[in-house]
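Breakdown of the fold
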Amino acid sequence: MPAHDALDNQSLPTPDAAVRASRADQAARSVTRSFGRRLLFLPGTHIGAIRIPGNTLRGLLGPWHYWWQAHYVDCLVDTGRRELATKTRFDGDSRPSAGRLASRLVTTIRLRNLLRFENHYYDDMAWLALSTLRLGKLAEETRKPGRRRNAYIQKRLTLQFDSASTDELGGGTFWSTKRDFKNTPATAPVALYFARTGHRDRAQALVGWLNSRLLHPELGVYRDGIRIRNGEPVLEEAVYTYNQGPVLGALLELGGQDNLDRAARLVGAIDRELTVPGTRVIRGDGTGDGGLFTGILVRYLAVAGRDGRLTLEARETARELVISTAEAFWTGRREAPELMRGPAAENPPLVFSPNPLRPATETYPPGAGVELSTQLQAWMAFEAAATL
């Protein structure tokens with residue numbers, strides 16, 4: 001069974017899974033109610049505020065982080081899958097379903113991006129392509145097949161990935177339209193997208209390039225990329241948590257013994273190199289873009305934890321990493337009544353720390369600005385744990 005089918009086909013929760021699902025629902029309500037906005041007050045639109053509390057004008061004119069919104073779509077699809085399994089809306093019958101919000105968000109991304117889905121970064125576009133691919137599948141399963149929009153997105157963005165995945169530097173995918181840097185952040189999600197859309201040879205070629213050029217021979221994790229500087233290739237040695245996630249996803253999606261063996265070794269390397277010493281909690285990578293990194297890795301570790309083709313040791317390690325990290329985020333939460341909008345709710349919003357082992361009372365005390373990326377990250381971790 002392909003890895004994304006294993007991810008998407010969830011059975012009804014056991015009691016432990018029900019607790020995890022409840023936590024994911026609470027995170028979903030906190031993010032959608034606290035950060036969710038209309039764009040320019042237009043009906044039928046939905047987008048995530050980058051920081052709350054925040055200045056509305058600055059939010060419209062400042063950075064809006066296309067790729068954060070793409071992961072917001074993915075989180076809503078996760079919640080929508082649980083709605084489908086339980087036949088219960090995450091935020092009550094009077095509010096839109098997660099799938100409906102995700103569809104509005106995709107439409108609003110295009111509006112906010114000046115009526116285009118393309119931008120200057122191929123990794124950003126890959127994340128949106130992956131999330132809308134899953135959204136399209138959710139729409140089919142809810143018997144509400146989306147407009148032709150999702151197919152249009154796939155067509156437009158596939159052309160972008162085709163143009164960015166070249167033979168320069170021996171293969172791989174460029175990071176941006178400057179075309180001076182091929183890296184794991186772009187190559188891995190593009191490989192996963194190609195694998196999920198039937199372009200398996202292209203996906204395998206990209207994975208092969210990652211293995212030959214960016215896999216650290218001693219540490220067993222993937223380095224950042226190769227930059228063209230003064231006409232010469234320069235290896236960027238940095239190792240980031242989130243880069244390992246889509247590589248793991250692509251290896252599992254492609255399958256075959258070599259890829260599965262590599263995936264099992266990667267799980268072991270993540271456990272060894274990217275956890276907080278003495279724990280099985282994935283380290284945090286701060287705020288801003290780094291506020292998404294841990295969540296992205298945990299999402300794909302959950303896929304590994306459910307994949308019966310992997311060794312029992314690899315599956316159990318992946319599951320422990322997911323559950324321990326999600327548990328740490330939950331333990332560090334704080335209630336944030338100051339972020340409530342509209343009528344008082346019975347349960348105030350929750351705020352989660354960007355660092356799973358530091359409480360939100362320290363990292364986001366009352367009065368501090370809270371970033372969308374960090375809250376999506378915790379939500380991702382709870383969704384991942386709910387699938388195990």
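A quick note: this is a predicted structure, and the numbers were derived from the prediction, not measured. Residue indices begin from 1 for each chain and proceed along its sequence in written order. In keeping with the model being predicted, local features are shown solely for residues with a pLDDT of at least 70 and side-chain atom pairs are shown and tallied solely at 80 or more, while totals for entire chains, interfaces and linings include all residues. To get the side-chain values, take all heavy atoms of the structure and skip hydrogens and water.

1. Comments concerning the overall build of the protein
For clarity, the cut-off: Counting from the N terminus, the helices are the DSSP runs of H or I reaching at least four residues and the strands are the DSSP runs of E reaching at least two. Each residue gets one of three labels from its accessible area relative to the maximum for its type: buried under 20%, exposed over 50%, partly exposed in between, using a 1.4 Å probe on protein chains only. We call two residues in contact when some of their heavy atoms are within 4.5 Å. For accessible areas, the Shrake-Rupley method is used with a probe of radius 1.4 Å. Any residue's cover is judged against the shown protein chains and nothing else. Two residue types count as positive, namely Lys and Arg, and two as negative, namely Asp and Glu; His and chain ends fall outside the count. Where a charge lies is defined by one atom per residue type, namely NZ (Lys), CZ (Arg), CG (Asp) and CD (Glu).
On a plain count of helices and strands, the protein comes out with 15 helices and 9 strands. Expressed as lengths along the three principal axes of its C-alpha atoms, the size of the protein is roughly 60 × 45 × 40 Å. Across the 388 residues of the protein, 57% fall into the buried class. Of all intrachain contacts in the protein linking residues separated by at least 6 positions in sequence, the fraction that spans at least 24 positions is 68%. Of the roughly 16,500 Å² of accessible surface on the protein, a fraction of 51% belongs to carbon and sulfur atoms. For the protein, the separation between the mean place of its 51 positive charges and that of its 42 negative charges on side chains is 7 Å.

2. Points about a nonpolar patch on the surface
Note the following rule: Patches here: salt-bridge-free residues with over 30% relative accessible area, like charges joined within 9 Å, nonpolar side chains (Val, Leu, Ile, Met, Phe, Trp, Tyr) joined within 5 Å. By definition, a salt bridge exists where a carboxyl oxygen of Asp or Glu is found within 4 Å of a side-chain nitrogen of Lys or Arg.
A surface patch of nonpolar side chains, amounting to about 350 Å² of accessible area, comprises Leu-40, Leu-42, Leu-111 and Leu-115. Its place among the elements puts Leu-111 in helix 5 (residues 98-112). Looking at Leu-111, the relative accessible area reads 33%, which means it is partly exposed.

3. Digging into helix 9 (residues 200-213)
Selection rule: In this scheme, a helix's expected span is set at 1.5 Å multiplied by one less than its residue total.
Over its 14 residues, helix 9 extends 20 Å from the first C-alpha to the last, a length consistent with the 20 Å expected when each residue adds 1.5 Å. Restricting attention to buried positions, one finds in helix 9 the residues Ala-203, Leu-206, Val-207, Trp-209, Leu-210 and Asn-211. Here the buried face of helix 9 lies against strand 4 (181-183), helix 8 (184-196), strand 5 (225-229), helix 10 (241-254) and helix 11 (257-273).

4. Let's talk about the pattern of salt bridges
One pass over the full model with this rule turns up 23 salt bridges. A salt bridge links Arg-82 to Asp-25, with the nearest nitrogen and oxygen atoms 2.9 Å apart. Pair noted here: Arg-82 is in helix 4 (residues 66-86) and Asp-25 is in helix 2 (residues 15-35), with a separation of 57 residues, a long-range link. Residue class for Arg-82 comes out buried when judged on its relative accessible area of 8%.

5. Topic: the side chain of Thr-241
Heads up, the rule is: Residues adjacent in sequence count toward polar contacts only when both atoms are side-chain atoms; beyond that, a polar contact is any pair of N or O atoms within 3.5 Å, and within protein one must be able to donate a hydrogen and the other to accept it.
By the element assignment, Thr-241 lies in helix 10. Classification of Thr-241 as buried rests on a relative accessible area of 0%. Side-chain polar atoms of Thr-241 contact the side chain of Asp-285, separated by 2.7 Å.

6. Quick notes on the confidence of the model for the protein
We count it as follows: Per residue, pLDDT captures the predictor's confidence, and it can take any value from 0 to 100.
Chain-level statistics for the protein give a pLDDT mean of 93 and a share of 93% at 70 or above. Throughout residues 4-14 the model reports pLDDT below 50, and contacts reaching past four residues in sequence, or to other chains, amount to 22 contacts.

7. Side note on the pairing of strand 6 (residues 232-236)
For clarity, the cut-off: Pairing between strands is defined by DSSP: at least two bridges between the two strands are required.
Here 5 bridges tie strand 5 to strand 6, and the two strands are oriented antiparallel to one another. Note on strand 6: the bridge partner recorded for Gly-225 is Glu-236. Between strand 5 and strand 6, which pair antiparallel in sequence order, lie 2 residues; one of them, Asn-230, sits at a positive phi of approximately 55 degrees.

8. Describing the nonpolar core
As a rule of thumb, soluble globular proteins bury nonpolar side chains together. Heads up, the condition is: Nine residue types can take part in a nonpolar core, namely buried Ala, Val, Leu, Ile, Met, Phe, Trp, Tyr and Cys, and a core is a set of them joined through side-chain atoms within 4.5 Å.
Membership of the largest hydrophobic core comes to 112 residues, with the highest contact counts inside it found for Phe-161, Leu-301, Trp-379 and Phe-382. In this structure, Leu-301 is in contact with Leu-248, Val-267, Ile-270, Ile-282, Ala-318, Leu-321 and Val-322, ignoring residues within four places of it in sequence.

9. Here we look at the packing of helix 4 against helix 12 (residues 293-305)
This is how it is decided: A fitted line through C-alpha atoms serves as each axis, taken over the contacting stretch for helices, and the angle formed by two N-to-C directions is quoted from 0 to 180°. Our angle categories are set so that under 35 degrees counts as roughly parallel, over 145 as roughly antiparallel, 65 to 115 as roughly perpendicular, and the remainder as oblique. Crossing chirality is assigned from the near helix's rotation relative to the far helix, an anticlockwise turn below a right angle marking it left-handed and a clockwise turn marking it right-handed. In this classification, Asp, Glu, Lys and Arg are treated as charged, Ala, Val, Leu, Ile, Met, Phe, Trp, Tyr, Cys and Pro as nonpolar, and every other residue, Gly included, as polar.
Contact geometry of helix 4 with helix 12 gives a least axis separation of 12 Å together with a crossing angle of 40 degrees. By the criterion of interaxial angle, the relationship of helix 4 to helix 12 is oblique. Both helix 4 and helix 12 take part in a crossing whose hand is left-handed. Note on element contacts: helix 12 touches helix 4 through Phe-293, Ile-296 and Arg-299, opposite Trp-67, His-71, Asp-74, Cys-75 and Asp-78. Split into classes, the residues belonging to the contact of helix 4 with helix 12 amount to 4 nonpolar, 1 polar and 3 charged.

10. What about the environment of Arg-315?
Looking at the element boundaries, Arg-315 is found in helix 13 (residues 312-331). For Arg-315 and Leu-301, which are 14 residues apart along the polypeptide, the C-alpha to C-alpha distance reads 8.8 Å. Among residues more than four places away in sequence, those in contact with Arg-315 are Ala-304, Gly-305, Asp-307, Gly-308 and Leu-310.

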